[in-house]
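Residues per chain, in single letters:
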Amino acid sequence: MAEQDPGTGCPRGKKELPAFTWQVRANDRRYHAQSKKKFAFCLSRKKYRGNAIKTAKYNLLTFLPLNLYEQFHRMANVYFVFVILLQTFPEISTVPWYTLLFPLSCLLVIRGLRDLIDDIGRHQSDRSINSRPCEILCGKSFKRQKWRHIRVGDIVRLRKDSVVPADVLLLCSSEPSSLCYVETADIDGIQSPLSEALGVLWRVTCEEPNSRMHSFTGTLEWRGQTHSLDSERILLRGCRIRNTDICYGLVIYAGFDSKIMRNCGKIKQKKTKLDRMMDRLVVVIFLLLLVTSLGLAVASGFWARTFQEKHSYLAAVYRNTSPAQQAFLTFWGFTILLSVIIPMSMYITLEFIYLVNSFFINWDLEMYYAVKDIPAKARSTSLNDQLGQIEYIFSDKTGTLTQNIMTFKKCCVNGTIYGPGTGHENKQPPGSAWDHHGEQKVDVMLLEAAQRDSDPVLREFLRLLALCHTVMVEERGGQLVYQAASPDEEALVLAARSLGYVFLARTQDTITISELGRTRTYRVLAMLDFNSDRKRMSVLVRDPQGSIRLYTKGADTVILERLRRRGRSEAFTERALDLFAEETLRTLCLASKEVSEAEYQEWGRRHHEAAVLLQGRAQELDRLYEEMEQNLQLLGATAIEDKLQDGVPETIQLLKLGNIKVWVLTGDKRETATNIGYACKLLTDDTEILEEKEISEILQAYWASNNNLSGSGEAPGSSPLSQQCPEASCHRRRAIIISGDFLDKILHTGEVLKEQKGWPWRWLPRGRTVGSQEQGSLVEKAFVDLATSCQAVICCRVTPKQKALIVQLVKKHKKAVTLAIGDGANDVNMIKTADVGVGLSGLEGLQAVQCSDYALAQFCHLQRLLLVHGRWAYLRICKFLRLFFYKTFAGLMAQVWFAFHSGFTAQPLFEGWFLALYNIFYTSYPVLSVGLLEQDVSAKKSLEFPELYVTGQQDELFNYRVFGVTLLHGVGTSLTSFYIALWAFEDHVGSKAVGDYESFSVTVAVSALLSVLVEIILDTKFWTVLSFLMVTASLLFFCLFSFLTQSIDAFRMAPAIFCFPDASWNAFTDPYVLLVVLLSLVVNTLPSLTVHAFRATVGKATTQQKIHLKAKKEPEPSVELKAHVPRGSFCRRSSYAFSHQEGYAGLITRGDSLRARASPGGSPQAKAIPEDSLRARATRSTIPEGTPAVSLPPSPSV
């Protein structure tokens, strides 16, 4: 079968034809309730879902079975249940059944409660969202109801600052200057019911629910006419209505059918690398246990046969038991006896360690953001060690790396640079050092020059800032409030306002500004709008004196080549642009020219003709725009700072030193993402950026070579990427910057039209046969290999689904531990897909936080979360596991050696209580203190030497080799403890004639216990009062429980349970036994001391020692922003003109957004600003122009 695209469900590599089978009828709930949809075999369900969402995993009925089902996916739990079942057979049971059932029950309850608490939080979140208020049309009036009551086809009324509850088709708005306003008759005060507007059936036919957030196709049937619908007319769920008092919409998709919910993905149960390794180790240990039990059982059979042959007079005893039966029963007896080698208490203790380490994260004041009173929060308690093994970080840009606050920083006008760092800002003008009109701080010298009004170039420069834009304005409480399509434009208009050139109002064909207190109205003759190809925008205006001027702003690469001349001033401006670029500022060139009346009349006639063309309109308009925007005079350049969050460059630098690669995945334009890449130190001045064409050529060569190898009998992918394109992997100074469309083409997702002219991917297979699936996977792997070999990767214009896909590809092909960090709803899928998800409590809501594993307030807190808490947690968990396995093997493997001297009868060597308490009270506490408090270096040193983090990435502290060494060490300790005691008890007895089985058992037990405690003491690097108390408590507990379980009174009450009366007292009152214990302790400790001494003197240097030596020789330079482009280069300098979407000039000049009689200071444009990082955009009304007025109280009618 053809492989399907996860985002769309369509076959990859084939064009998806939209299926217009989704019919929505306004206010017709009966129709939608009756519609059914097949989903499995002959079963069907309602086609149109309700608006209630449910992200919780459990309910009252499903919690117990579903949670147990999930818990028994852990191999250890299955193993323990198997052993408990064996213990129910008295013929083979060797230890009490409660030794495993009680701790297993405790573990299941602890984990179940943890999952229940997490799910209760999800239920509360769902309940809060579903109970948000909304207004739904019911009959002839709107009634206030909750989100969960909304159905497809309902008409909802949305007010200012309210959140859109579903995917809604915008019908109309109350704003006189909103982009969704339709000019109709004035209907203020009309009170006729809304039902009159619905006298004619509204019917929307559109595509089925999907995850494509930036596309929508459908038609609206209204009053016998059909009108086309696109994404500009849709408000997505989660958007927040701004600057619009009231608007009305028709619900198209509700609940889980909405686009944002389609992009959220499912809740995945995350397991750490150590968790997965532990599952495999459980299987390995179990197999070793079975092999050992089988060997001992076979030996038991042979021993029984030999014994029966030698002692024939005991035949009556063995009459009903053959050697084979004896071996069979012995096999299961040893299986039960040795089952404690996989200790249940280890898993219980692990849960406690995870919980306490999570509290350490919550309590860390260094990760507390006092400005907003937000502490760090570990929302998951089972991923702490994974924080110490991260290899790739996938980060959103807006709101995660940046504050999304644009500030006018510098400018260059007529050969003079103004702004911080130029020396002007230290001069004090009369009054104050800064002017605070609006929200922009401006340079003092620039303000003085503007007020003198003696420089005509500066005058035109500031006039351009006030005129050439698509900003809307409204007056609130006597103050002018600007609303812009991009924060760059708002920053420029505010800067002009602070310098005395204030934008006051606009109508369909005029712009009114105040120039140093003088109000002037300019007539707008044409607006030449921005788009990503033109990289500039212009406005053609007639000033009050009748002169016609063209004002243009845009990227330096397009403005400089359209200048009339290139003189001294232009050359200085170019050098200033380089200086601005070195400071990672977003640059923009400003130019103007005077247009004669005759030239305008001729151009205007052709412009009007082009504007009414039905075919080729855009191309003809672009040609006319190009013709007008020639022979410009350069006025100057501006530099805008896109403010990063505090500490972002330093954090990324530290992460890079820790061998962590940071990828930026953003929905912004390429140039904006590139500029931020330089600002935050992802890209450096010597970074070579691979263009999409180069990437295509590299992947094509790699694919073709491997395809040829496959044809010659070799396996695809047998040749590494470095062999096919060695330049791709040997140069670590490369970076990749790609778009979402390019990513789709590489990965065969989305609507790929390979038949299209100029298609650069013809070398990819068109079909999706079995062979082509392998080839497609090969291309995926080649792309991942190429990307991971580069210094940085930036993916721009990517959808939430694509973000998750990129994370999944790296996990699939690199087997790496990934972390995703974001702050908006469009980051949720990525956060859920990554091994560790981090949500930022930012400006865009809490959806990302609610789906994350860890919540932070700032990106810079990530360095402490990973380099300190993550590394410590990994160190502690690894040491805990190693020491726990060691103490288990050291203490309990003596059971195997005892079998060789007990006729292989599976008789326990130790007292039952010792077996039950050994891993709970006698040795757990010192290991617990290591798991809670162990440190190799302090937090300050961890940040000072981020290279220490590499240890976790390479799995150095706990892997199969470390486990093997630990196993051998434990086995050696048990051998020494057992055979030294056996040697001492074989031929010699003490003064009290101690030589019985109980005394021998106690001697071996104490020797092993003390050897384990000394080993833990030697291996502990960070000692606290708690560490001493834990070791002391272990010894005290051993003495206490030995006294209680071996007392004569206990033996008299239950001799079958307390069967070692006074064994410890009899043994350890004999000095000879104490000497035996001391000898065992010395012999067991000497190897560890020798290894420590050898490593300290002539052994291999540790990572910490190497780093300290490196620090002494080469001190690490401080982090600072450096130039990212060589002086004189214009290839990557400007980013402003790319930073926002296509503007609204067409809507403004058509009058779609303005009343012809709008008063100065009218309302701003209406646009839906996503609450959760959805793309900010304006939405146009669905109803066509010229529609006669019908009442829609209390707003303009449809």
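Residues numbered from 1 in each chain as written. Predicted model: local features only at pLDDT ≥ 70, side-chain atom pairs only at ≥ 80, totals over all residues. Heavy atoms only, no water.

Peer 1: Help me understand the sheet that holds strand 4 (residues 133–138), please; the structure alone is not making it clear to me.
Peer 2: Hydrogen bonds along the backbone pair up the strands of a sheet, which may run parallel or antiparallel. Strand order in the open sheet formed by six strands is 5-4-6-13-7-11, and the pairing between neighbours is antiparallel. This sheet does not close on itself; its edge strands, each paired only once, are strand 5 (141–146) and strand 11 (234–235). Taken together, the six bridges between strand 4 and strand 5 define a ladder with antiparallel strand orientation. Directly across from C138, in strand 5, lies its bridge partner S141. (Pairing = 2+ DSSP bridges. Helix = DSSP H or I, 4+ residues; strand = E, 2+ residues; numbered from the N terminus.)

Peer 1: Mind showing me how you'd approach helix 14 (residues 597–611) here?
Peer 2: In this model helix 14 runs 20 Å from its N-terminal to its C-terminal C-alpha over 15 residues, within 8% of the 21 Å that 1.5 Å per residue would give. Buried residues along helix 14 sit in contact with strand 22 (518–528), strand 23 (536–542), strand 24 (548–554), strand 25 (586–595) and helix 15 (617–628). (Expected span 1.5 Å × (residues − 1). Contact = heavy atoms within 4.5 Å.)

Peer 1: Even after reading the chapter, I still don't get the packing of aromatic side chains, so can you show me in this structure?
Peer 2: Working definition: an aromatic ring pair is given by the centre-to-centre distance plus the angle between the planes. Under the criterion given, the structure shown has 38 aromatic pairs. Plain terms: the ring middles of F978 and Y979 are 4.9 Å apart, the flat faces sit at 85° to each other, and that makes the pair edge-to-face. Against the face of Y31 rests R25, its NZ or CZ located 4.0 Å from the ring centre. Its guanidinium or amino end placed over the ring of W147, R132 lies 5.0 Å from that ring's centre, counting from NZ or CZ. (Phe/Tyr/Trp six-rings, centres within 6.5 Å; stacked < 30°, edge-to-face > 60°. Lys NZ or Arg CZ within 6 Å of the ring centre and 35° of its normal.)

Peer 1: Please explain the pairing of strand 9 (residues 218–222) as it appears in this structure.
Peer 2: Looking down a regular strand, the side chains alternate between one sheet face and the other. The alternating pattern of strand 9 places G218, L220 and W222 on a buried face, while none of T219 and E221, on the opposite face, is buried. Note: strand 8 (residues 203–206) against strand 9, four bridges, orientation antiparallel. Bridge pairing in strand 9 links V204 to L220. Judged from the five bridges that link them, strand 9 and strand 10 (residues 225–229) form a sheet pairing that is antiparallel. Bridge assignment links L220 to a residue of strand 10, and that residue is H227. Connecting the antiparallel pair strand 9 and strand 10 is a turn made up of two residues, with R223 showing a positive phi of about 55°. (Buried < 20%, exposed > 50% of the residue type's maximum accessible area, 1.4 Å probe, protein only.)

Peer 1: So what exactly am I meant to see when it comes to the sheet that holds strand 22 here?
Peer 2: Strand order across the open sheet formed by nine strands is 17-16-26-25-24-23-22-21-20, with antiparallel pairing between neighbours. This sheet does not close on itself; its edge strands, each paired only once, are strand 17 (416–418) and strand 20 (501–506). Averaged over neighbouring strand pairs, the angle between their axes works out to 30° when direction is ignored. With seven bridges joining them, strand 24 and strand 25 adopt antiparallel strand pairing. Looking at the pairing, G554 lines up with C589 of strand 25. Packing against the sheet, helix 15 makes contact with strand 22, strand 23, strand 24 and strand 25, and its axis sits at approximately 130° to strand 22. (Axes fitted to C-alpha atoms, helices over the stretch in contact; angles between N-to-C directions.)

Peer 1: I'm lost on a nonpolar patch on the surface in this one. Help?
Peer 2: Judged by side-chain polarity, L1075, L1078, V1082, L1086 and L1089 come together as a nonpolar surface patch covering roughly 460 Å² of accessible area. Of note, L1089 is situated in helix 37 (residues 1071–1097). (Patch = residues over 30% accessible without salt bridge, like charges linked within 9 Å, V, L, I, M, F, W, Y side chains within 5 Å. Areas by Shrake-Rupley, 256 points an atom, 1.4 Å probe, with all protein chains shown as cover. Salt bridge = Lys/Arg side-chain N within 4 Å of Asp/Glu carboxyl O.)

Peer 1: What is the right way to look at the pairing of strand 31 (residues 818–822) in this model?
Peer 2: Counting buried positions along strand 31 gives five out of five residues, so the element sits mostly inside the fold. Burial of the side chains of strand 31 extends over both faces: T818, A820 and G822 are buried on one face and L819 and I821 on the other. Relative to strand 31, strand 15 (residues 392–395) runs parallel, the two sharing four bridges. If you follow F394 over to strand 31, its bridge partner there is A820. Sheet topology note: the strand 31/strand 32 (residues 836–840) ladder contains four bridges and is parallel.

Peer 1: Which parts of the structure should I look at to understand the confidence of the model for the protein?
Peer 2: Low-pLDDT portions of the prediction should not be read for the details of their coordinates. For the protein, mean pLDDT is 77; residues scoring 70 or higher make up 78% of the total. Across residues 1136–1141, where pLDDT falls below 50, the model places 30 contacts with residues more than four positions away in sequence or in other chains. (pLDDT = per-residue confidence, 0-100.)

Peer 1: How do you make sense of the side chain of T205 when you look at a structure like this?
Peer 2: On the secondary structure map, T205 appears in strand 8. Classification of T205 by relative accessible area gives buried; the value is 13%. The residues contacting T205, other than those within four sequence positions of it, are F20, W22, Q23, G218, T219 and E221.

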